[in-house]
Amino acid sequence: MRTQKGLLAGLMMSIVALVSFGCERDIKNPDEEEKYTGPTIENHDVTTLYSDSARLMIKLQAPIQQEFEGGEGVFPKGFYIEFYDEAGNLESTLKGNYGKQEPNKNMYTARGNVVVHNLKKQEKLETEELFWNRNKAQIYTDKFVKITTPEEVLTGTGLTANQDLSRYSIKKVTGKFNFNEQ
């Protein structure tokens, strides 16, 4: 009997040890844990309309829009924006391969093959990075720019313009090529 009690006691101690060992957890400090920094929301095939007095002023389209905890939005596959005049006519467009939005400042950044078209004047701006201030209706960059008009091509570094590209100023002009000269 004694050996059975001894075996039973040893078996019970082994079971208790295994159960205790199996329940042991590695407790970690939550402040030291790696925090998730990815998007909190992801939308596909996004269309955002901005209006003033029930008139469409701006139409933004993007294949993907990601929103982050701080409110910032990212368009990892780019965006396309249409600007309308007061009569509702399409005036100009802006597109880029990547976009970023800071909603608290109403600022947008476009990167990679950025193109702005003024449809009325048939002018096109090309650059690699462009900032759009929605509150001021202005675009600007410090990067190389190329503006093609029906009569000439202008190149330079840095630009400030209306969002519709109707008026612009190149900071440092590096080239002017006139198509009408022979």
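Above this note sits the structure.
Residues numbered from 1 in each chain as written. Predicted model: local features only at pLDDT ≥ 70, side-chain atom pairs only at ≥ 80, totals over all residues. Heavy atoms only, no water.

Draft legend 1. A look at the layout of surface pockets. In this structure, the largest pocket occupies an estimated 200 Å³ of space. Residue lining of the largest pocket: 13 residues in total, with Met57, Ile58, Tyr84, Ala137 and Gln163 positioned closest to the centre. Split by residue class, the lining of the largest pocket holds six nonpolar, two polar and five charged. (1 Å grid on protein atoms, 1.4 Å probe; cavity = no way out; pocket = protein on both sides within 12 Å on 5 of 7 lines; lining within 4 Å. Points joined across faces, edges and corners; volume = space filled by probe spheres on them. Nonpolar A, V, L, I, M, F, W, Y, C, P; charged D, E, K, R; others polar.)

Draft legend 2. The arrangement of the pattern of salt bridges in detail. Counted according to the given criterion, the structure contains twelve salt bridges. Between Glu86 and Arg55 there is a salt bridge, with its nearest N and O atoms 3.3 Å apart. Pair noted here: Glu86 is in the loop between strand E4 (79-84) and strand E5 (90-96) and Arg55 is in strand E2 (residues 55-67), with a separation of 31 residues, a long-range link. Taking the shortest distance from any N to any O, the salt bridge between Glu152 and Lys176 comes out at 3.7 Å. Residue Glu152 is located in strand E10 (residues 152-162), and its partner Lys176 is located in strand E11 (residues 168-178); the two are separated by 24 residues in the primary sequence. A relative accessible area of 16% places Glu152 in the buried class. On the basis of relative accessible area, Lys176 is assigned to the exposed category, the value being 57%. Each of Asp85, Glu91 and Lys120 takes part in a single network of salt bridges with overlapping partners. (Salt bridge = Lys/Arg side-chain N within 4 Å of Asp/Glu carboxyl O. Helix = DSSP H or I, 4+ residues; strand = E, 2+ residues; numbered from the N terminus. Buried < 20%, exposed > 50% of the residue type's maximum accessible area, 1.4 Å probe, protein only.)

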